[in-house]
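# Architecture at a glance
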Amino acid sequence: MKDIEKLDKEYVLHTYARNYVNFVKGENATLYDNENKDYIDFTSGIGVTSVGHGNKQVAKRIFEQVSNLTHTSNIYAIEPQALLAKKIKELSTYDVRTFFANSGAEANEGAIKIARTYGQTAFENKRYKIITLENSFHGRTITTVKATGQSSFHQSKFAPYPEGFSFNAIDDVYKAIDDETVAVMIELVQGEGGILPFPKEKIQELAKFLKDNKILLIIDEVQTGVYRTGEFLASNVYEIEPDIITLAKGLGGGVPIGAVMTNLKDIWGAGDHGSTFGGNYLVTSAGLEVLDILEKEKNSGKLDKTIEYFVEKMNDLYENNQNIFIANVGLGLMRGLRVKDADTLTNLIKTAFECGVMVLKSGNNTLRFLPALTISKDEIDEGFKRLQKAINKIA
Ligand SMILES: *Cc1c(COP(=O)(O)O)cnc(C)c1O
């Protein structure tokens, strides 16, 4: 057994089906293990290292920040936190204020608390129910597990769960709404559920219905946000105006950060919500640098070119391997290829890793791609070459 495997198994609580590689170095979308074998990373740590591994610009900013101040607590104003909230507002194009948390689940908890606060006063009776969608994923805390629209997550060993959550197919949301419903929470492209982008008209129709009925629309952009789908937010792509939006994964380029933004700008006062670490100097200065890099990538046209090139190569892979792929889905750099069966997918991911390219699983049968938004042409070429090699091997 490798040392790292022994250590991990002995001391770390077992919750993951680990791959016992020992990565020691990263450069943009390329990782190196302790034997100096290189891997093309089409996962970016599940959509987190949005500006690549070992990004020198972000590293410099973080180093300068933590050499000076890392944390003072939210008792005191934090300049980079305020600047990041301002930047998020500007890039989103929405009139919002932002609260900073430390993860996606925690951002969603904040969203749920905002909705329930609104439900307390906005209607004749207190409204508290939140409807989510089937196949959704909203996190691993007790509440966000319950909000997740997949029964397999609602394990009895964690029960009891909080009340007020149900999930539906998008077309059935309308009839599921009752006079205790305060919000509908959705992902515009379901990430964990199998890379499922919803049709734009369907989302716009739902958004309008909710607005007309004063019910809040919460968009979970933990995976789709921060340029993952080509615009700063997937909500921008869908041309809707949500009441609450959550962010996390790509926002800090690898440092743990979550954010919940809302147009209910005066919903809370001092003491209503909080977080010890949330929005400290370390994470918000990293977030500022990440957004600075990505805004330039977008405005220079480079991000759109990267997406175009990646999709072109992915389409080729799809066309050339009709024996194993059954659909080609996604938006921006959040993409999937559906594989004919789950066993083939498992085998493909494992063989791809051996061939030096890292890819993810989503849902039961989707091969998922979430590369760094800064991935180079050479990395894209090499990654797809290695994937083809893996496909040939398992054929
Ligand atoms: C990853 C994810 C979460 C959970 O984020 P954590 O940081 O793991 O808590 C929530 N919602 C969506 C859509 C996600 O993709």
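As the structure is a computational prediction, the values presented were derived from the model and not from experiment. (Residues numbered from 1 in each chain as written. Predicted model: local features only at pLDDT ≥ 70, side-chain atom pairs only at ≥ 80, totals over all residues. Heavy atoms only, no water.)

## Topic: the overall build of the chain
Across its full length, the chain carries 13 helices and 17 strands. Relative to the compact-globule value of 21 Å for 395 residues, the chain shows a C-alpha radius of gyration of 21 Å, a close match. Counting every position in the chain, which comprises 395 residues, the buried fraction comes to 54%. Excluding contacts between residues fewer than 6 apart, the proportion of contacts in the chain whose partners are at least 24 apart in sequence is 71%. Charged side chains of the chain number 46 positive and 52 negative; the gap between the two group centres comes to 2 Å. (Helix = DSSP H or I, 4+ residues; strand = E, 2+ residues; numbered from the N terminus. Rg over C-alpha atoms; globule rule 2.2 N^0.38 Å. Buried < 20%, exposed > 50% of the residue type's maximum accessible area, 1.4 Å probe, protein only. Contact = heavy atoms within 4.5 Å. Lys, Arg positive; Asp, Glu negative; His and termini not counted. Charge placed at Lys NZ, Arg CZ, Asp CG, Glu CD.)

## Things to note about the packing of aromatic side chains
This model, assessed by the stated rule, comprises twelve aromatic pairs. For the pair F42 and F369, a centre-to-centre distance of 5.9 Å together with 55 degrees between the ring planes defines the contact as tilted. Here F369 lies in strand 17 (residues 366-369) and F42 lies in the loop between strand 3 (38-41) and helix 2 (44-47), a separation of 327 residues in the sequence. Accessibility expressed as a relative area gives 0% for F42, which makes it buried. By relative accessible area, which is 0% here, F369 ends up buried. (Phe/Tyr/Trp six-rings, centres within 6.5 Å; stacked < 30°, edge-to-face > 60°.)

## Some points on the site of the ligand
Around the ligand, the neighbouring residues are S103, G104, A105, N108, F137, H138, G139, E187, D220, V222, Q223 and K249. Contacts to the ligand include G104, whose backbone N or O atom sits 2.8 Å from an oxygen atom. One of the side-chain N or O atoms of D220 is found 2.8 Å from a nitrogen atom in the ligand. Within the complex, the protein chains bury 81% of what would otherwise be the 390 Å² of accessible surface of the ligand. Here the shell around the ligand takes three residues from helix 5 (residues 104-121), the largest share from any one element. Residues belonging to the shell around the ligand are distributed by class as follows: three nonpolar, six polar and three charged. (Near = heavy atom within 4 Å. Polar contact = N/O pair within 3.5 Å; in protein donor to acceptor, adjacent residues only side chain to side chain. Areas by Shrake-Rupley, 256 points an atom, 1.4 Å probe, with all protein chains shown as cover. Nonpolar A, V, L, I, M, F, W, Y, C, P; charged D, E, K, R; others polar.)

## Considering unusual backbone geometry
With an omega of 0 degrees, the peptide bond running from A159 to P160 counts as cis. Positive phi outside glycine occurs at I195, with the angle close to 50 degrees. The class of I195 is buried, set by a relative accessible area of 0%. With a phi close to 60 degrees, K214 is a non-glycine residue in the positive phi region. Assignment of secondary structure puts K214 in the loop between helix 8 (200-212) and strand 10 (216-220). The exposure class assigned to K214 is partly exposed, which follows from its relative accessible area of 44%.

## Digging into the sheet that holds strand 5 (residues 129-133)
Spatially, 4-12-11-10-7-5-6 is the arrangement adopted by the seven strands of the open sheet, whose pairing is mixed. Two strands bound the open sheet, and with one partner strand each, they are strand 4 (97-101) and strand 6 (165-168). Each adjacent strand pair in this sheet contributes to an overall mean axis angle of 20 degrees, direction not counted. Looking at chain direction, strand 11 (residues 244-247) and strand 12 (residues 258-262) are connected through four bridges and run antiparallel. Looking at strand 12, one finds that T246 is bridged to V260. Packing against the sheet, helix 4 (residues 79-92) makes contact with strand 4, strand 11 and strand 12, and its axis sits at approximately 125 degrees to strand 4. Sitting on the sheet, helix 8 is in contact with strand 7 (181-186) and strand 10, with an inclination near 160 degrees to strand 7. (Pairing = 2+ DSSP bridges. Axes fitted to C-alpha atoms, helices over the stretch in contact; angles between N-to-C directions.)

## Brief notes about a nonpolar patch on the surface
Judged by side-chain polarity, L7, Y11 and V12 come together as a nonpolar surface patch covering roughly 340 Å² of accessible area. Locating Y11 in the fold gives a position in helix 1 (residues 3-11). (Patch = residues over 30% accessible without salt bridge, like charges linked within 9 Å, V, L, I, M, F, W, Y side chains within 5 Å. Salt bridge = Lys/Arg side-chain N within 4 Å of Asp/Glu carboxyl O.)

These results come straight from atomic positions and should not be treated as a statement about function.
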